[in-house]
2 protein chains.
Amino acid sequence: MKINANYNNLEKSYLFITIAKKLNEYKEAHPEADIIKMGIGDVTRPLCPAVVNAMNRAVTEMGNAETFRGYGDEQGYSFLQDAIKGYYAGKGVELETDEIFVSDGAKSDLGNILDLISTENTVLVPDPVYPVYVDTNVMAGRKIAYMTGSEENGFLPMPGDAPEADIVYLCSPNNPTGAVYDKDQLKEWVDWANERDALILFDAAYEAFVGDENLPTSIYQIEGAKTCAIEVCSFSKTAGFTGTRCGYTVVPHALVRENTELNPMWRRRQTTKFNGVPYIVQRGAEAVFTEEGYAQTRADIAYYKENARIMAAALDEVGVTYFGGINSPYIWMKIPGGMTGWEFFDKLLEEANVVGTPGVGFGKAGEGYFRLTAFGNKERTIEAMERIKKLISLI
Amino acid sequence: MKINANYNNLEKSYLFITIAKKLNEYKEAHPEADIIKMGIGDVTRPLCPAVVNAMNRAVTEMGNAETFRGYGDEQGYSFLQDAIKGYYAGKGVELETDEIFVSDGAKSDLGNILDLISTENTVLVPDPVYPVYVDTNVMAGRKIAYMTGSEENGFLPMPGDAPEADIVYLCSPNNPTGAVYDKDQLKEWVDWANERDALILFDAAYEAFVGDENLPTSIYQIEGAKTCAIEVCSFSKTAGFTGTRCGYTVVPHALVRENTELNPMWRRRQTTKFNGVPYIVQRGAEAVFTEEGYAQTRADIAYYKENARIMAAALDEVGVTYFGGINSPYIWMKIPGGMTGWEFFDKLLEEANVVGTPGVGFGKAGEGYFRLTAFGNKERTIEAMERIKKLISLI
């Protein structure tokens, strides 16, 4: 038997596994250390009451023969698809119910959607960016081209600077930089894709953090996007579902390549290799779109955004340059003192007992930057920033 | 952009989608019909109290900041891995915790595990069998060879009759035929695989239905299996999790191909393209292995096996030949009167208002047979068999 030799081309370890390993080693050596985690972008606020109540009701239903549910449709229950459809309608985007596919999360979908795409394509990936865009394509042996996000372009690479490619990943608000494309910029990308029959994979996982009404929260707010873009989104950051697992992907019927509609291809992929999201979880996700659930989850987002404001103010005090943190839960700071990302990571862990993420973990162009997340507890965020200010003032 | 052209080679529709479509059309035309479903292998007993209580506790935990859980390890919480490990120990199989990967179900894993395997391999698939073995390989462009299950070999094809291949799928107890390999037969397969560095993908989804103590419920009960087999299992049929979604896959460290351990490859695949199973669901699955949960779920399996006994007795009455139904929830009956599978499907739906599955849906060699499931309600199963007896007595 032959293994998939492309796995040999992967970088040795997934970024967050490396961070977890370093953290565990430090903890073992210093069991007394009071460590504050601002590394992995994981939420800390509990599930909101509307979601908890909906899931408790669903668990009870599953325990009664009359209301028990077995297999659901792989693409999700229509009650949830329709709730998502309504959410998009509120953004001015009209979708068909069967253009929405409920899944166990954006990470799964971003990897699995590649099943539909020939390995002969070249993919264009921003640098820095969420590492799974690269790894999932390395695993399949696709050629990867990069486009650089930098201070000069506001960490928002544009088609004019980009090499030719068949598929492009856009992540807005961006992980890790917090940068957000405006409508004119996205229109350039949509035109670029439609002109050359390319495909945009639009990662909207952080859309709920956009507060500026002029900024797009879905690529389908841009004219022409339905003929060139797949949008992937998640309840992880919107409603604290990182440990509850639910997301969705939109594949418009108008998206046709080589005379083939991609929507039924994705349906076929999902009905063959996936069996749907737990009924209980889908009821929880549905509750996010009720009046009560929406208010509660947006209050949690406001809580995290207040953390981001506190973090930004602290960095201002010590004169550190940073990006993001306004329409995003991430602060992307310039590392002071000429240290590399992993040097600063170690120093921050050892001297301030704060865990962050080296920008270089998101790509070569991320070297010299560092990502801090606003997903923590407010008091701990304040404490962490005090420690960081103190550390930086000594560099 | 080029699409994955292998999708063009798929049969037009997934079997159970076709059945659902035919059923819906019939229902629309005959809204008054009292239809009994014995088609798709879906459970009907509610989740047992031990699981319901565990999930309710977990939902409450997720609603409190102190006990809230965000991202878990992609391969599952150790509390569940260790419970599974204990279950295997009870079968006389020693596993390491990190050889067990918790997932959202056997269907996902059976598809996704192919990511590790070169598309240049030839896979060997029994005919008839669970359709996703074929479809997932067609999607990747692998060459597929078949081995026929027939009355002559008890629907248990053996290496002696099989063409050369790199990977073989074994499903025991078999879906759809209900046939179960004995230890000597599995030993032949293990030797076959070890001799040629082939890989066995062992689907144990129905292992909990094996009542005969002499029959194996895990391939690792066979000497030498750890160097050649991956085992995929699920809570779907064991504990009624078809709508709750949890399964697991065992990749032993001893499994090495081309000087590469497959265990870390699968870990890398899962950490890159998957984000774990909901915490709430993992707590539910853990409860299946408590004394209370085990007794409750085994009582449900006994309930379904009593249905199978009733079904078998009814077919005996009208002199129909059948297989399975003893260590399996499926009855694999020979269609009387020379009808094809889909002809009998239509006749059964229209004249008896009973839905089953044409054997040909599981492969060419399934033509002339028909699958009935024992997963229904007892009273409805009795009623269905009365109708079937009546129908068959008129053929």
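This write-up is about the structure you can find in this document. (Residues numbered from 1 in each chain as written. Chains lettered and ligands numbered in written order. Predicted model: local features only at pLDDT ≥ 70, side-chain atom pairs only at ≥ 80, totals over all residues. Heavy atoms only, no water.)

Section: the packing of aromatic side chains
By the definition in use, this model includes 52 aromatic pairs over all chains. Relative to phenylalanine 241 of chain B, the ring of phenylalanine 235 of chain B has its centre 5.7 Å away and its plane inclined at 40°; by these criteria the two rings are tilted. For phenylalanine 235 of chain B, a relative accessible area of 1% gives the class buried. Residue classification places phenylalanine 241 of chain B among the buried residues on the basis of a relative accessible area of 0%. Between tryptophan 332 of chain B and tyrosine 369 of chain B the ring centres are 5.4 Å apart and the planes differ by 10°, which places this aromatic pair in the stacked class. Highlighted residues: tryptophan 332 of chain B in strand β12 (residues 330–334) and tyrosine 369 of chain B in strand β15 (residues 369–373), separated in sequence by 37 residues. Overall, tryptophan 332 of chain B belongs to the buried group, its relative accessible area being 0%. By relative accessible area, tyrosine 369 of chain B is classed as buried at 11%. Among the aromatic residues, those joined into a ring-pair cluster are Phe16, Phe155, Phe323, Trp332, Phe362 and Tyr369 of chain A. Over the face of the ring belonging to tyrosine 303 of chain A we find arginine 45 of chain A, whose NZ or CZ atom lies 4.1 Å from the ring centre. (Phe/Tyr/Trp six-rings, centres within 6.5 Å; stacked < 30°, edge-to-face > 60°. Buried < 20%, exposed > 50% of the residue type's maximum accessible area, 1.4 Å probe, protein only. Helix = DSSP H or I, 4+ residues; strand = E, 2+ residues; numbered from the N terminus. Lys NZ or Arg CZ within 6 Å of the ring centre and 35° of its normal.)

Some points on the relation of the copies chain A and chain B
Aligned on chain B, chain A shows an RMSD of 0.0 Å; the corresponding rotation is 180° and the shift along the axis is 0.0 Å. Such values leave the two copies arranged in the relation of a two-fold axis. The C-alpha atom lying nearest the rotation axis in chain A is that of asparagine 56 of chain A; the distance is 3.0 Å. Same-surface contact between copies: 100% of interface residues of chain A are shared with the interface of chain B. (Least-squares fit on C-alpha atoms with pLDDT ≥ 70 in both. Contact = heavy atoms within 4.5 Å.)

Let's talk about the sheet that holds strand β5 (residues 167–171) of chain A
Residues and elements named next belong to chain A. Ordered in space as β2-β8-β7-β6-β5-β3-β4, the seven strands form an open sheet in which the pairing is mixed. Taken across any chain shown, the strands that pair with only one partner, and hence form the sheet edges, are β2 (100–103) and β4 (143–148). Neighbour-to-neighbour, the strand axes of the sheet open up by a mean angle of 20°, direction not taken into account. Note: β2 against strand β8 (residues 247–250), four bridges, orientation antiparallel. For phenylalanine 101, the partnering residue across the bridge sits in β8 and is threonine 249. (Pairing = 2+ DSSP bridges. Axes fitted to C-alpha atoms, helices over the stretch in contact; angles between N-to-C directions.)

Details of the interface of chain A and chain B
Residue-level contacts link 78 residues of chain A with 78 residues of chain B. When chain A packs against chain B, close to 6500 Å² is buried across both sides, 58% of that on carbon and sulfur atoms. Sorting the residues of chain A by area buried against chain B places Met1, Tyr71 and Arg268 of chain A first, and these three jointly supply 14% of that buried surface. For glutamate 74 of chain A, the salt bridge goes to lysine 107 of chain B, with nearest N and O atoms at 2.8 Å. The interface formed by chain A and chain B holds 36 residue pairs in polar contact (both at pLDDT 80 or more) in total. Every element with two or more residues in the side of chain A that touches chain B is listed here: α2 (49–62), α4 (106–112), α5 (132–140), α8 (262–273) and α9 (279–288) of chain A. Here the side of chain A that touches chain B takes seven residues from α8 of chain A, the largest share from any one element. The class makeup of the residues in the side of chain A that touches chain B is 32 nonpolar, 24 polar and 22 charged. (Buried area = accessible area lost by both parts, 1.4 Å probe. Salt bridge = Lys/Arg side-chain N within 4 Å of Asp/Glu carboxyl O. Polar contact = N/O pair within 3.5 Å; in protein donor to acceptor, adjacent residues only side chain to side chain. Nonpolar A, V, L, I, M, F, W, Y, C, P; charged D, E, K, R; others polar.)

Let's talk about unusual backbone geometry
Note: most residues except glycine have negative phi, and most peptide bonds are trans. Going from aspartate 127 of chain A to proline 128 of chain A, the amide bond is cis rather than trans, its omega being 5°. Residue placement: proline 128 of chain A occurs in the loop between β3 (122–127) and α5. The peptide bond linking asparagine 175 of chain B to proline 176 of chain B adopts the cis configuration, its omega dihedral lying at 20°. At arginine 245 of chain B, a position not held by glycine, the phi torsion is positive, near 70°. Assignment of secondary structure puts arginine 245 of chain B in the loop between α7 (236–239) and β8 (247–250). Its relative accessible area of 2% is what places arginine 245 of chain B among the buried residues. Backbone geometry places glutamate 258 of chain B, a non-glycine residue, at a positive phi of 50°. Positionally, glutamate 258 of chain B belongs in the loop between β9 (256–257) and β10 (260–261).

Considerations on the nonpolar core
Core analysis: the biggest nonpolar cluster contains 283 residues, and Trp189, Ile200, Ile219 and Phe241 of chain A together with Trp189, Ile200 and Phe241 of chain B have the highest contact counts within it. When sequence neighbours within four positions are dropped, the list of residues in contact with tryptophan 189 of chain A reads Leu124, Met147, Pro157, Met158, Pro159, Ala162, Val168, Leu170, Tyr181 and Ile200 of chain A. (Core = buried A, V, L, I, M, F, W, Y, C linked by side-chain atoms within 4.5 Å.)

So, the packing of helix α11 (residues 341–352) of chain A against helix α12 (residues 378–393) of chain A
All names here are of chain A. Contact geometry of α11 with α12 gives a least axis separation of 10 Å together with a crossing angle of 115°. The angle between the axes of α11 and α12 places the two elements in the roughly perpendicular class. Handedness of the α11/α12 crossing: right-handed. Facing α11, whose interface residues are Phe344, Lys347, Leu348, Glu351 and Ala352, α12 presents Arg387, Ile388 and Leu391. Its residues assigned to classes, the contact of α11 with α12 shows five nonpolar, no polar and three charged. (Parallel < 35°, antiparallel > 145°, perpendicular 65-115°, else oblique. Left-handed = near helix turned anticlockwise from the far one by under 90°.)

Quick word on α2 of chain A
Here α2 of chain A is 14 residues long and its end C-alpha atoms lie 20 Å apart, about the 20 Å a rise of 1.5 Å per residue gives. Residues of α2 of chain A that are buried include every one of Ala50, Val51, Val52, Ala54, Met55, Ala58, Val59 and Met62 of chain A, and no others. Looking at the buried positions of α2 of chain A, the neighbouring elements they touch are α9 and α10 (291–317) of chain A together with α2 (49–62) and α9 (279–287) of chain B. (Expected span 1.5 Å × (residues − 1).)

Re empty space enclosed by the protein
Counting across every chain of the model gives eight cavities of 30 Å³ or more. In this model, the largest cavity occupies a volume close to 110 Å³. For the largest cavity, the lining is made up of 17 residues, of which Asp104, Asn112 and Phe274 of chain A together with Asp104 and Asn112 of chain B are closest to its centre. Its residues assigned to classes, the lining of the largest cavity comprises two nonpolar, seven polar and eight charged. (1 Å grid on protein atoms, 1.4 Å probe; cavity = no way out; pocket = protein on both sides within 12 Å on 5 of 7 lines; lining within 4 Å. Points joined across faces, edges and corners; volume = space filled by probe spheres on them.)

What to know about the pattern of salt bridges
Opposite charge on two side chains allows them to pair when their charged atoms are near. Counted by the stated rule, this structure contains 42 salt bridges over all chains. In this structure, arginine 387 of chain B and aspartate 34 of chain B form a salt bridge, with 2.9 Å as the shortest nitrogen-oxygen distance. With arginine 387 of chain B in helix α12 (residues 378–393) and aspartate 34 of chain B in the loop between α1 (15–29) and β1 (36–37), this residue pair connects regions lying 353 residues apart in the sequence. Taking the relative accessible area as the measure of exposure, arginine 387 of chain B reaches 16% and is therefore buried. By relative accessible area, aspartate 34 of chain B is classed as partly exposed at 38%. A cluster of three or more residues bridged by salt bridges with shared partners is formed by Asp34, Arg380, Glu383 and Arg387 of chain A.

A short note on the sheet that holds strand β7 (residues 229–234) of chain B
All names here are of chain B. Spatial ordering of the open sheet is given by β2-β8-β7-β6-β5-β3-β4, a layout of seven strands whose pairing is mixed. This sheet does not close on itself; its edge strands, each paired only once, are β2 (100–103) and β4 (143–148). Ignoring strand direction, the axes of neighbouring strands in this sheet form an average angle of 20°. In the sheet, strand β6 (residues 199–203) pairs with β7 via four bridges, with the strands oriented parallel. Considered in β7, the bridge of aspartate 203 is made with valine 232.

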